[in-house]
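Secondary and tertiary structure notes
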Amino acid sequence: MTVHNLYLFDRNGVCLHYSEWHRKKQAGIPKEEEYKLMYGMLFSIRSFVSKMSPLDMKDGFLAFQTSRYKLHYYETPTGIKVVMNTDLGVGPIRDVLHHIYSALYVELVVKNPLCPLGQTVQSELFRSRLDSYIRSLPFFSARAG
Amino acid sequence: MAIFSVYVVNKAGGLIYQLDSYAPRAEAEKTFSYPLDLLLKLHDDRVLVAFGQRDGIRVGHAVLAINGMDVNGKYTAEGREVLEYLGSPANYPVSIRFGRPRLTSNEKLMLASMFHSLFAIGSQLSPEQGSSGIEMLETDTFKLHCYQTLTGIKFVVLADPRQAGIDSLLRKIYEIYSDYALKNPFYSLEMPIRCELFDQNLKLALEVAEKAGTFGPGS
């Protein structure tokens, strides 16, 4: 059980933060393009899901999984998107993603007068706190395999 | 616990079969007097609610029927424009039924192709080696399961999130496809499936899946 990587997007598609822990395969395209592709995929999935849904949705798209990884998604009403790729053994972690938004992003970036919003987060405090939070999660195992 | 629909997508991303087996519809019918306190707008040949959510009528809901008669796109059953009809006070009080708009065949085609691309992107953005595309997509109202065969055909099933046994159902649908569509000499590959036996057996399989929750091995 492990966490592969984490993306944070704002409402305009700007990638605010990206970190990886155990990633075995790179996408084969430059990082900037990978962020745009990821954002575009999530935007399309949201639109797809809202059309396909037989009933009115409350939380919307939650997660998807393939044969090797699971992507968890959480979006705030302000358009901030937290995306986490984990392996298949991990269950619903909406509360973890919400914590990343409320206790880390809002506290350390939004409330920081020196952090400009709408661009990649430069704050070292945010990066290190996020890293230690992820490492402390019960489903994160530090093994390299 | 129900299976909502089945889609079969060919190698190129085109929809070749679609079945809606169960459609829970959230609809609200209310009587209104002039002036209407909802803001309606025309979108894509339908009249949608743009503003004024209340009592089960949400933003994005379409006008389904006026005074009990189903509307036809943006025209009423009599052929008058819905927005014009609802704009004149002489037609009030009027009873309007709102609900989630049903998908047209064109929209289903587009959504199937969209899913085909998303499936491929899911595989490309994988942080692990050798990943398949999206096999299961979860939302709070439905779960979408997808099985891609070695020949590139995708069987997509939309079901209630709590429904079990969809994996074996997908394999069963593949079996039914190879028995009643592929072995049919009049069926051309990658074309829309118009085989009665395929329809019948698929409906039977869906019923069995909903009741039993799972298929036995080798059934």
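Residues numbered from 1 in each chain as written. Chains lettered and ligands numbered in written order. Predicted model: local features only at pLDDT ≥ 70, side-chain atom pairs only at ≥ 80, totals over all residues. Heavy atoms only, no water.

1. Details of the overall build of chain A
The secondary structure content of chain A amounts to 3 helices and 5 strands. Each helix and strand of chain A, ordered N terminal to C terminal, gives the series β-β-α-β-β-β-α-α. A compact globule built from 145 residues should have a C-alpha radius of gyration of about 15 Å, and chain A, at 15 Å, falls within 12% of that. By principal-axis analysis of the C-alpha atoms, chain A measures approximately 45 × 35 × 30 Å. Within the span of chain A, comprising 145 residues, buried residues form 52% of the whole. Sequence-distant contacts, at least 24 apart, represent 51% of the contacts inside chain A between residues at least 6 apart. (Helix = DSSP H or I, 4+ residues; strand = E, 2+ residues; numbered from the N terminus. Rg over C-alpha atoms; globule rule 2.2 N^0.38 Å. Buried < 20%, exposed > 50% of the residue type's maximum accessible area, 1.4 Å probe, protein only. Contact = heavy atoms within 4.5 Å.)

2. Here's the deal with the interface of chain B and chain A
Tallying the contact residues gives 37 residues for chain B and 38 residues for chain A. Between chain B and chain A, the buried area comes to about 3,700 Å², and carbon and sulfur atoms account for 63% of it. Counting the surface chain B buries against chain A, the share from its top three residues, R100, L125 and P127 of chain B, is 20%. The interface formed by chain B and chain A holds 2 salt bridges in total. A salt bridge links D56 of chain A to R100 of chain B, with the nearest nitrogen and oxygen atoms 3.4 Å apart. At the surface where chain B touches chain A, the tally comes to 21 residue pairs in polar contact (both at pLDDT 80 or more). Those elements giving two or more residues to the side of chain B that touches chain A turn out to be β1 (3-9), α2 (105-124) and β9 (136-139) of chain B. In terms of residues, the side of chain B that touches chain A owes the most to one element, α2 of chain B, which gives 8 residues. (Buried area = accessible area lost by both parts, 1.4 Å probe. Salt bridge = Lys/Arg side-chain N within 4 Å of Asp/Glu carboxyl O. Polar contact = N/O pair within 3.5 Å; in protein donor to acceptor, adjacent residues only side chain to side chain.)

3. Re the packing of aromatic side chains
The final tally for this structure, using the stated rule, is 19 aromatic pairs over all chains. With a centroid separation of 6.4 Å and 75 degrees between ring planes, the pair formed by Y105 of chain A and F126 of chain A is classed as edge-to-face. Remark: F126 of chain A occurs in helix α3 (residues 124-135) and Y105 of chain A occurs in helix α2 (residues 94-110); sequence separation between them is 21 residues. Each member of the aromatic cluster is reached from another via a ring pair, and the members are Y7, F9, Y18, Y35, Y39 and F43 of chain A. Its guanidinium or amino end placed over the ring of F119 of chain B, K154 of chain B lies 4.5 Å from that ring's centre, counting from NZ or CZ. Sitting above the plane of the Y147 of chain B ring, R171 of chain B keeps its charged end 4.0 Å from the centroid. (Phe/Tyr/Trp six-rings, centres within 6.5 Å; stacked < 30°, edge-to-face > 60°. Lys NZ or Arg CZ within 6 Å of the ring centre and 35° of its normal.)

4. A look at the side chain of E128 of chain B
Relative to the elements of secondary structure, E128 of chain B occurs in the loop between α2 and β9. Its relative accessible area of 13% is what places E128 of chain B among the buried residues. Polar side-chain contacts of E128 of chain B include one of 3.4 Å to the side chain of H4 of chain A. With sequence-adjacent residues up to four places away left out, E128 of chain B is seen in contact with H4, K24, K25 and R68 of chain A.

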